[in-house]
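Observations on the three-dimensional arrangement
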Amino acid sequence: MSELTGKVAIVTGGSSGIGLATCQRLVKDGAIAVSADLEAPEDSRIKFVKTDVTDQRSLQNLVETVVRQYHQIDILVANAGITEHKAGVADLDVANWQRVIDVDLTGVVLTDKYVVQQMVKQQSGSVINMSSILGVVGAANSQAYSAAKAGVANFTRSQAVTYAPQGIRFNAVAPGYVNTPLLQTLPSDVTDSMVAKMPVGRLAEPSEIASVIAFLASDDASIVTGAVINADGGYTAQ
Ligand SMILES: NC(=O)c1ccc[n+]([C@@H]2O[C@H](COP(=O)([O-])OP(=O)(O)OC[C@H]3O[C@@H](n4cnc5c(N)ncnc54)[C@H](O)[C@@H]3O)[C@@H](O)[C@H]2O)c1
């Protein structure tokens, strides 16, 4: 029996790219995977609840629907996101700033809010929030996206400390550049330059990120999660 057999997982943005690969990996490992996305996944093994992560009523409906059907939520992958390629702060497109923050940062926070309410009742659960390399290093023409992804990382550290005593683990993943439809929304010279920045000489595949997420979702990861977060941002395993 696989490590994730019978676990119930919600993956926001689970109908494309990294989220889709994550749903497929979780299903392969024995879990029930629910894609919470604006669009349905083209894979009948994945359950679907139409969800907009910027809409609190939509998120409440998601949690209620999944709990009514499966009675628990063991895993949350708060992955839904959009990107941007915009001029710098002097020419800030304020509407774009707000939209990216709403989806990429507040969307993660609100998804966590409603799912973790259920995990608190269970006194168990594993949350994996989606950050990015662009939340760690600077990149040209990335304003709200970089701020949102850095915000997700430190928000996740704070929640890890807050909820560790209740048996709820929080982790964030911060991938480099990954071969998904998201990159196709960027100018081609930008995507060409991404490959040059990857030490392995190619983009990552979504399945590679999904493997890490599946590990963090599993009880095998509990030795390195729910841990003490050091002041320098590092982890001390417990
Ligand atoms: N592709 C990369 O290089 C890369 C690198 C690091 C981090 N990421 C992050 O990984 C996550 C997934 O990106 P991807 O590359 O797989 O992109 P993608 O465009 O293939 O998938 C994103 C999914 O999110 C969904 N989505 C968008 N807005 C939503 C909303 N308001 N509510 C619900 N669902 C919504 C979309 O419908 C889509 O299915 C994002 O958070 C992204 O920032 C991507």
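Residues numbered from 1 in each chain as written. Predicted model: local features only at pLDDT ≥ 70, side-chain atom pairs only at ≥ 80, totals over all residues. Heavy atoms only, no water.

We apply this condition: UniProt positions are given in the numbering used here, feature names are shortened, and annotations may be inferred rather than shown by experiment.
Named according to an unreviewed UniProt entry, the protein chain is Glucose 1-dehydrogenase originating from Levilactobacillus namurensis DSM 19117. Under the heading Sequence similarities (unreviewed entry), UniProt records this for the protein chain: "Belongs to the short-chain dehydrogenases/reductases (SDR) family."

1. As for the overall build of the protein chain
Note the cut-off: A run of H or I in DSSP counts as a helix once it spans at least four residues, and a run of E counts as a strand once it spans at least two, with each numbered from the N terminus. For the radius of gyration, the atoms used are the C-alpha atoms, and the globule rule reads 2.2 Å times the number of residues raised to 0.38.
Check the secondary structure of the protein chain and you find six helices and eight strands. Order of helices (α) and strands (β) in the protein chain, N terminus to C terminus: β-α-β-β-α-β-α-β-α-β-α-α-β-β. Radius of gyration (C-alpha) of the protein chain: 17 Å, near the 18 Å computed for a compact globule of 238 residues. Counting only C-alpha atoms, the protein chain reaches 50 × 45 × 35 Å along its principal axes.

2. What about the nonpolar core?
To be explicit about the condition: What makes a nonpolar core is a set of buried Ala, Val, Leu, Ile, Met, Phe, Trp, Tyr and Cys residues whose side-chain atoms join them at distances within 4.5 Å. Each residue gets one of three labels from its accessible area relative to the maximum for its type: buried under 20%, exposed over 50%, partly exposed in between, using a 1.4 Å probe on protein chains only. The contact criterion used is simple: two residues touch if any of their non-hydrogen atoms lie within 4.5 Å.
Core analysis: the biggest nonpolar cluster contains 36 residues, and Leu26, Ile75, Ile128, Met194 and Ile213 have the highest contact counts within it. Sorting the residues of this core by element identifies β1 (8-12), α1 (17-28), β4 (75-78), α3 (94-122), β5 (125-130), α4 (144-163), α5 (188-197) and α6 (206-217) as the ones contributing at least two each. Residue contacts for Leu26: discarding those within four places in its chain leaves Leu4, Ala9, Val11, Ala31, Ala33 and Ala214. Grouped together as the second largest cluster of nonpolar side chains are 28 residues, Leu59, Leu62, Ile73 and Leu76 included.

3. Concerning the pattern of salt bridges
As a reminder, the rule being used: Salt-bridge detection follows one rule: a side-chain nitrogen of Lys or Arg within 4 Å of a carboxyl oxygen of Asp or Glu.
A full pass over the atoms with the stated rule returns six salt bridges. In this structure, Asp93 engages Lys86 in a salt bridge whose closest nitrogen and oxygen atoms are separated by 3.3 Å. On the basis of relative accessibility, which here comes to 32%, the residue Lys86 falls in the partly exposed class. Between Arg169 and Asp219 there is a salt bridge whose closest N-O contact spans 3.9 Å. Here Arg169, found in strand β6 (residues 168-173), pairs with Asp219, found in the loop between α6 and β7 (228-229); they are 50 residues apart in sequence, far enough to count as distant. Put simply, Lys7, Arg169 and Asp219 are held in one network by salt bridges that share partners.

4. Details of the pairing of β4
Sheet faces and side chains relate simply in a regular strand, where the side chains alternate between the two faces. This is how it is decided: Pairing between strands requires that DSSP locate at least two bridges from one strand to the other. A clockwise path from the first strand over the helix to the second, with the strands pointing away from the viewer, defines a right-handed crossover.
Along β4, one buried face is formed by Ile75 and Val77 and the opposite face, lined by Leu76 and Ala78, is buried too. Bridge analysis of β1 against β4 gives three bridges, and the strand direction is parallel. From the neighbouring strand, Ala9 faces β4, where its bridge partner is Ile75. Judged from the four bridges that link them, β4 and β5 form a sheet pairing that is parallel. From the neighbouring strand, Ala78 faces β5, where its bridge partner is Asn129. For the handedness criterion, the β-α-β arrangement of β4, α3 and β5 is classed as right-handed.

5. Let's talk about a nonpolar patch on the surface
What counts is decided by this rule: Note on patches: the residues involved have over 30% relative accessible area and no salt bridge, like charges join within 9 Å, and the nonpolar side chains Val, Leu, Ile, Met, Phe, Trp and Tyr join within 5 Å. Computed with the Shrake-Rupley method and a 1.4 Å probe, the accessible areas treat only the protein chains shown as cover for residues.
Together, Val89, Leu92 and Val94 give the surface a local cluster of nonpolar side chains, amounting to about 270 Å² of exposed area. Mapped onto the elements of the fold, Val89 is located in the loop between β4 and α3.

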